Amino acid sequence: MGKQSDDATAPRTDWDAAAASFDDEPDHGLRDPEVRRAWAGRLREWLPGRPSDVLDLGCGTGSLSLLAAEQGHRVTGVDSSPAMVGLARAKLAGRDAAFLVGDAASPPVGEERFDVVLVRHVLWALPDPARVLRHWVGLLRPGGRLVLVEGVWGRVSPVGISAGRLTALLAPLASQVRVERLSGDPLLWGKPVDDERYAAVALL
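Residue positions within a chain follow its written sequence, with the count starting from 1. A pLDDT threshold of at least 70 governs which residues receive local features in this predicted model, and a stricter bar of 80 or more applies before side-chain atom pairs are shown or counted, although totals over entire chains, interfaces and linings include all residues. Each side-chain value is derived from all of the structure's non-hydrogen atoms; neither hydrogens nor water enter the calculation.

A. Layout of the overall build of the chain. Secondary structure assignment for the chain yields eight helices and eight strands. Across the 204 residues that make up the chain, the buried fraction comes to 51%. Sequence-distant contacts, at least 24 apart, represent 64% of the contacts inside the chain between residues at least 6 apart. For every accessible area listed, the method is Shrake-Rupley and the probe measures 1.4 Å; residues are considered covered only by the protein chains on display. For the chain, the exposed surface amounts to about 9,100 Å²; the carbon and sulfur share of it is 52%. Runs of E in the DSSP output that reach at least two residues are strands. Runs of H or I that reach at least four are helices, and both are numbered from the N terminus. Partly exposed describes any residue whose relative accessible area lies between the buried limit of under 20% and the exposed limit of over 50%, with all areas from a 1.4 Å probe on protein chains only and scaled to the type maximum. Here a residue-residue contact requires only that any non-hydrogen atoms of the pair lie within 4.5 Å.

See the structure below:
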């Protein structure tokens, strides 16, 4: 969820230390009712219409997990930060949701399979995204879907993964890939943005 790269050339972020203020960003905490409604509306379009098992990878403090749970889905969230997972558990207390500390690239879910793998602003920071996508597809039941919110940020030294590159990586794995541009909707971000932000929904 908006996390920066952990590769060898980028400064590493202490996500446990960042957890307490993580939700201060409008698109992280979804505290503004209009921002929250905007994300809830998009999620309703991207997720199945029936109650489904959703795996939220790099779930952070669980804001998208909460929206999915409110829409009737059963959620499993995974994040590498114990502090983030603790906040997510508190945010979804009493909901049909479970949160695990683990690596988003290889989540500790054993043989469990899901209807949806939901990932926001995580894939671009992982080494070998093609291999990660293949692993995520293996976590899906037949007829499942990947919902990936990604982008390219920065003008001088841009980081991220473009919609074109992600679509090419998904093409051999999915029967259908739909890309939805998100940059033009300031309600999603709490402000106007001019970088590339999008969602890719890949159906198996």
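B. Structural view of the pairing of strand β3 (residues 97–101). Should DSSP find at least two bridges between two strands, the strands are regarded as paired. In terms of strand pairing, strand β2 (residues 74–79) meets β3 through five bridges, oriented parallel. Each residue of the ladder has a partner; that of T76, found in β3, is A98. The β-α-β motif built from β2, the intervening helix α5 (residues 82–91) and the parallel element β3 has right-handed crossover chirality. Every crossover in which the path from the first strand over the helix to the second runs clockwise, viewed with the strands pointing away from the viewer, is termed right-handed.

C. Main features of the pattern of salt bridges. Salt bridges are defined as contacts in which a side-chain nitrogen from Lys or Arg sits within 4 Å of a carboxyl oxygen from Asp or Glu. Under the definition given, this model contains ten salt bridges. In this structure, R141 and D53 form a salt bridge, with 2.8 Å as the shortest nitrogen-oxygen distance. Of this pair, R141 sits in strand β5 (residues 140–153) while D53 is found in strand β1 (residues 53–57), placing the two residues 88 residues apart along the sequence. Classification of R141 by relative accessible area gives partly exposed; the value is 30%. R181 serves as the salt-bridge partner of E196, at 3.1 Å between the closest nitrogen and oxygen. Note that E196 is positioned in strand β8 (residues 196–203) and R181 in strand β7 (residues 176–181), a separation of 15 residues in sequence.

D. Examining the environment of V147 more closely. Here V147 lies in strand β5. In this structure V147 comes out as buried when scored by relative accessible area, which is 0%. The contact partners of V147, leaving out residues within four places of it in the chain, are W46, L47, V116, V117, L118, V119, A200 and V201.

E. Highlighting the nonpolar core. In this text, buried Ala, Val, Leu, Ile, Met, Phe, Trp, Tyr and Cys residues form a nonpolar core when linked through side-chain atoms within 4.5 Å. By size, the foremost hydrophobic cluster in this structure holds 31 residues, and its most contacted members are V117, W136, L146 and L166. Excluding its chain neighbours within four sequence positions, the residues that come into contact with L146 are V117, L133, W136, V137, L140, L170, A200, V201 and A202. Within the second largest apolar cluster, 29 residues are counted, among which are C59, L64, V193 and A199.

F. A look at α5. Those residues of α5 that fall on the buried side of the exposure criterion are M84, V85 and A88. The buried side chains of α5 occupy one side of the element, clustering within an arc of 95 degrees when seen end-on. Taking the helix axis as origin, the arc is that swept by the directions to the C-beta atoms.

G. Layout of the packing of aromatic side chains. The pairing test for Phe, Tyr and Trp rings, Trp by its six-membered ring, is centres within 6.5 Å, and the orientation test on the planes gives stacked under 30 degrees, edge-to-face over 60, and tilted for anything in between. Counting across every chain of the model gives three aromatic pairs. Ring geometry for W39 against W46: centres 6.3 Å apart, planes inclined by 75 degrees, an arrangement best described as edge-to-face. Judged on exposure class, the residue W39 and its partner W46 are both buried. Site record: aromatic cluster; members linked through ring pairs are W39, W46 and W189. Comment: the charge-over-ring label is applied if NZ (Lys) or CZ (Arg) is within 6 Å of the ring centre and within 35 degrees of the ring normal. The ring of W189 has R197 sitting right over it, with the charged end atom 4.5 Å from the ring centre.

H. Fine view of helix α4 (residues 63–70). In terms of residue burial, α4 counts as a mostly covered element, since seven of its eight residues are buried. What α4 keeps buried is the set S63, L64, S65, L66, L67, A68 and A69. Downstream of α4 by a residue or two, G72 has a phi angle that is positive, lying close to 95 degrees.

I. Local environment of the side chain of D56. When you line up the elements, D56 lands in strand β1. Residues counted as positive are Lys and Arg, residues counted as negative are Asp and Glu, and His and the chain ends are not counted. Buried and without a salt bridge, D56 has R120 as its closest oppositely charged side chain, separated by 7.5 Å. Apart from the residues lying within four places of it in its own chain, the contact partners of D56 are L64, S65, V75, T76, G77, V78 and L118.

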